[in-house]
Amino acid sequence: MEGQAPGRLVSAGGVIFRKVDGHVQVALIARGKVWGLPKGLIEQGETADETAVREVREETGLEGEIVGKIGEINYNFFAGRRYFKTVFFYLIKNVGGSIRDHDSEVDRVEWFPVSEALRISTYANEKRILKKAEEMLKAEKQPPLNPRKDLL
């Protein structure tokens, strides 16, 4: 219908990572030829961070703990009507599970070095989230500039 206000949807998801031999890898999901980040709608009574952990577990088979909030993306899409969607993304450290245990909504789950994940991710807005996650992980490795305030 012309002029109809878009429906609003709010989701959450995550960039789940692990370190292997000092190198960071992230898990991406595939639906057909589309590679992306796990995410899903926030259910009633859930917080965005709870949804992110649940959706990562369901769509990748991996258990995780939130390290921090990466940011959000917004986009419009059409599915019988117009929708405006916001997705909150979190950086999530892998603490267990197996990519073989993903749910049936997902065709494949694979671990990738961040550079490869950035290359094969389908959506530009998710590439930006991956880039921010990479920056957060690099910053985590840096020692504090002035760990002792009395040295100032």
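Residues numbered from 1 in each chain as written. Predicted model: local features only at pLDDT ≥ 70, side-chain atom pairs only at ≥ 80, totals over all residues. Heavy atoms only, no water.

Focus on the nonpolar core
Of all hydrophobic cores here, the largest spans 22 residues; its most connected members are Val-15, Leu-28 and Leu-130. Elements represented by at least two residues in this core include exactly strand E1 (7-20), strand E2 (23-31), strand E5 (62-78), strand E6 (82-97), helix H2 (114-120) and helix H3 (124-141). The contact partners of Leu-130, leaving out residues within four places of it in the chain, are Val-15, Val-26, Leu-28, Leu-37, Val-114, Ala-117, Leu-118 and Ser-121. In this structure, Ala-27, Val-56, Phe-88 and Val-106 belong to the second largest nonpolar core, which totals 14 residues. (Core = buried A, V, L, I, M, F, W, Y, C linked by side-chain atoms within 4.5 Å. Buried < 20%, exposed > 50% of the residue type's maximum accessible area, 1.4 Å probe, protein only. Helix = DSSP H or I, 4+ residues; strand = E, 2+ residues; numbered from the N terminus. Contact = heavy atoms within 4.5 Å.)

Description of the pattern of salt bridges
In the structure shown here, the tally under the stated rule is ten salt bridges. Salt-bridge contacts for Glu-46 lead to Arg-54; the nearest nitrogen and oxygen are separated by 2.6 Å. Measuring nitrogen to oxygen at the nearest pair gives 2.9 Å for the salt bridge that ties Lys-131 to Glu-134. Residue Lys-131 and its partner Glu-134 are located together in helix H3, separated by three residues, close to a single helical turn. Note on Lys-131: relative accessible area 38%, which makes it partly exposed. Here the salt bridges do not stand alone but share partners, grouping Glu-43, Glu-46, Arg-54, Glu-55 and Glu-58 into one network. (Salt bridge = Lys/Arg side-chain N within 4 Å of Asp/Glu carboxyl O.)

Some thoughts on the confidence of the model for the protein chain
Reading fine detail from the predicted coordinates is not recommended where pLDDT is low. When pLDDT is averaged along the protein chain, the result is 90, and 89% of the positions lie at 70 or above. Segment residues 145-152 is flagged for pLDDT under 50; beyond a separation of four residues in sequence, or across chains, it makes one contact in the model. (pLDDT = per-residue confidence, 0-100.)

Some details on unusual backbone geometry
One non-glycine residue with positive phi stands out, namely Asp-21, at about 50°. Tracing the chain through its elements places Asp-21 in the loop between E1 and E2. With a relative accessible area of 74%, Asp-21 lands in the exposed category.

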